[in-house]
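Chain by chain, the residues:
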Amino acid sequence: MNKIYRKFNSFIELRVKEKNNLKDFLSEIKKCLEDKKNLSFLSKNDIKIIDFVKKDLFQSEKNDRPKLRLTSNVIKEIQTLKPIEVPRYLVHRYRYEIYPELKTVDNFPPYLQIEPTSICNYRCVFCYQTDNNFNKRSTGFMGHMKLKTFKKIIDQAEGNIEFISLASRGEPLLCPEIKEMLSYTKNKFLNLKINTNASLLDEDMSHSILESGVKTLVFSADAADKKLYSELRVNGKLEKILKNIKKFKEIKNKHYSNSKIITRVSGVKVNKKQDLDKMEKYWGNLVDQVAFVDYVPWENVYESKLSKVSTPCSDLWRRMFVWWDGKVNPCDVDYKSELSSGNILNNNISYLWKSENYNKLRKKHLENLRNKIAPCNRCVVI
């Protein structure tokens, strides 16, 4: 039997520095949602979603409908917001968590993952960058996003999508125009995240991140000792990463003391040598959160065994990926884009999200026909 990988809430364990009293927090949320001025900018449909949110958070009746829950990392995200921003955040959190359960598609994806570059300076053992038919310039998969393309995506997303990640198949800080891209995101999204291996996190880059619209900065690191780190993150040096993250914190404390950016060290749990207690001891004083996410065998899905998984993939209703060249893909397990539904340079986000190709793929998954689709038939993500 295949191990199933659940894409949503993939944390095996997440530790945050400061614990919250959930009862007190919910009381504050209730006050915020009862203040009509905080709802004044919402659409009629958004108000309906807020009604569902209220029932989920403040009423205990049982029903068959999936229920919104506030995890510790979500609470921390909400606490960085102004009261007037909280309802809008909850609307988009509901879309992100509940729409995939209900199989609901509206005009825009709940989450947009933008790839500034597909190139990476690491060859992590659990990553498809180890595929030599992918990681070379000659294959056609490698490249950097142009600033013009990035701006086009951001302009379409602003006001329509609040959950954005700058990361996917490559290391985003390798993109030559990443600083200009970061600058263009300022004050545009409630929840903008960037994932980086931190190898290129110098002083200038730290300032660019702290001055941008980034709300959550994730440092991808999987170990608390030099030997294990090098075994997992091939080409990486733990001492360099540690030095860079320390410097980032110094810059933040000195120059951006009012910044509400959330920092997290997050690793992929691939073996028993990795220990979260050690991770917390090593990284805990430098970041707000330490976590492990579950490992999914996606190094080369095209050569994996047939999975026999029939459950529809939730990402078809949750997330859209946009590669460096504008190509749109429904997932990053399919890193060679066999399932691509078009290109952002030719069509807009909304059109592509609701396109015939995307809907055909959703329909096949709902009809338990993912075994007829490559590479879905070899994937274990749901």
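Before reading on, note that the structure itself is shown above.
A short tour of the structure in this document, coming up.

Rules behind the numbers
- Residues numbered from 1 in each chain as written.
- Predicted model: local features only at pLDDT ≥ 70, side-chain atom pairs only at ≥ 80, totals over all residues.
- Heavy atoms only, no water.
- Phe/Tyr/Trp six-rings, centres within 6.5 Å; stacked < 30°, edge-to-face > 60°.
- Lys NZ or Arg CZ within 6 Å of the ring centre and 35° of its normal.
- Core = buried A, V, L, I, M, F, W, Y, C linked by side-chain atoms within 4.5 Å.
- Buried < 20%, exposed > 50% of the residue type's maximum accessible area, 1.4 Å probe, protein only.
- Helix = DSSP H or I, 4+ residues; strand = E, 2+ residues; numbered from the N terminus.
- Contact = heavy atoms within 4.5 Å.
- Pairing = 2+ DSSP bridges.
- Right-handed = clockwise from strand over helix to strand, strands pointing away.
- Lys, Arg positive; Asp, Glu negative; His and termini not counted.
- Salt bridge = Lys/Arg side-chain N within 4 Å of Asp/Glu carboxyl O.
- Axes fitted to C-alpha atoms, helices over the stretch in contact; angles between N-to-C directions.
- Polar contact = N/O pair within 3.5 Å; in protein donor to acceptor, adjacent residues only side chain to side chain.

With that settled, consider the packing of aromatic side chains. Inspection of the entire model under this criterion finds 16 aromatic pairs. Among the aromatic residues, ring-to-ring pairing joins Tyr128, Phe134, Phe141, Trp298, Tyr302 and Tyr335 into one connected group. Taking NZ or CZ as reference, Arg169 lies 3.9 Å from the ring centre of Trp323, over its face.

Counting 91 residues, the largest nonpolar core has Leu112 and Trp283 as the members making the most contacts within it. At six residues, the largest contribution of residues to this core is made by helix 9 (residues 238-255). Non-local contacts of Leu112, meaning those with residues more than four positions away in its chain, are made with Ile153, Ala157, Ile161, Phe163, Ile164, Ser165, Met320, Val322 and Ile349.

On to the pairing of strand 6 (residues 262-269), then. Across the eight residues of strand 6, seven count as buried, placing the element largely inside the fold. Direction of pairing for strand 5 (residues 216-220) relative to strand 6: parallel, over a ladder of five bridges. Pairing of Thr216 across the sheet is with Ile262, part of strand 6. Of the pairings in the sheet, the one linking strand 6 to strand 7 (residues 289-294) comprises six bridges and is parallel in character. Counted as the bridge partner of Gly267 is Phe292 from strand 7. The handedness of the strand 6 to strand 7 crossover, carried by helix 10 (residues 276-283), is right-handed.

Moving on to the side chain of Arg264. Along the chain, the position of Arg264 falls in strand 6. No salt bridge is formed by the buried Arg264, whose closest oppositely charged neighbour, Glu77, lies at an N-O distance of 4.8 Å.

Within the open sheet, the 10 strands sit side by side as 1-7-6-5-4-3-2-8-9-10. Their pairing is mixed. The open sheet terminates on both sides in strands that have one partner only, identified here as strand 1 (11-16) and strand 10 (342-343). The sheet contact formed by strand 3 (residues 163-166) and strand 4 (residues 191-196) spans four bridges and is parallel. Counted as the bridge partner of Ser165 is Lys193 from strand 4. With respect to the sheet, helix 5 (residues 147-157) is in contact with strand 2 (111-114), strand 3 and strand 8 (319-322), its orientation differing from that of strand 2 by roughly 170°.

A separate point is the pairing of strand 5. When you tally the buried positions in strand 5, you get five out of five residues, the bulk of the element. Of the pairings in the sheet, the one linking strand 4 to strand 5 comprises four bridges and is parallel in character. Within strand 5, the position partnered with Asn195 by the bridge is Val218. Between the parallel pair strand 4 and strand 5, the chain is carried across by helix 7 (residues 203-211), and the sense of this crossover is right-handed.

Attention now goes to the environment of Ile84. Assignment of secondary structure puts Ile84 in the loop between helix 3 (72-79) and helix 4 (86-102). Residues Ile84 and Lys37, 47 residues apart in the sequence, show an inter-C-alpha distance of 7.5 Å. Discounting residues that sit within four places of it in the chain, Ile84 has contacts with Lys37, Asn38 and Phe41.

A separate point is the side chain of His365. Checked against the element boundaries, His365 lands in helix 13 (residues 356-366). By relative accessible area, which is 1% here, His365 ends up buried. Within the structure, the side chain of His365 is placed 3.2 Å from the backbone nitrogen of Cys313, a separation counted as a polar contact. Once you skip the residues sitting within four places of it in the chain, His365 turns out to touch Ser310, Pro312, Cys313, Leu316, Arg370, Ile373 and Cys376.

This structure, assessed with the given rule, holds 22 salt bridges. Across the pair Glu162 and Arg88 runs a salt bridge, and its minimum N-O distance is 2.5 Å. Here Glu162, found in the loop between helix 5 and strand 3, pairs with Arg88, found in helix 4; they are 74 residues apart in sequence, far enough to count as distant. Its relative accessible area of 2% is what places Glu162 among the buried residues. Of the residues examined, Arg88 reaches a relative accessible area of 31% and is grouped as partly exposed. In this structure, the salt-bridge partner of Lys247 is Glu203, at a minimum N-O distance of 3.8 Å. Of the two residues, Lys247 sits in helix 9 while Glu203 sits in helix 7, which places them 44 residues apart along the sequence. Lys247 gets classed as partly exposed once you look at its relative accessible area, which sits at 34%. Because the salt bridges share partners, they merge into one network encompassing Lys7, Asp315, Arg319 and Asp332.

Taken residue by residue, helix 7 has Met205, Ser206, Ser208, Ile209 and Leu210 as its buried positions. Here the buried face of helix 7 lies against helix 6 (178-184), strand 5 and helix 9. Capping the start of helix 7, Asp202 holds a side-chain oxygen 3.4 Å from the backbone nitrogen of Asp204, two or three residues further along.

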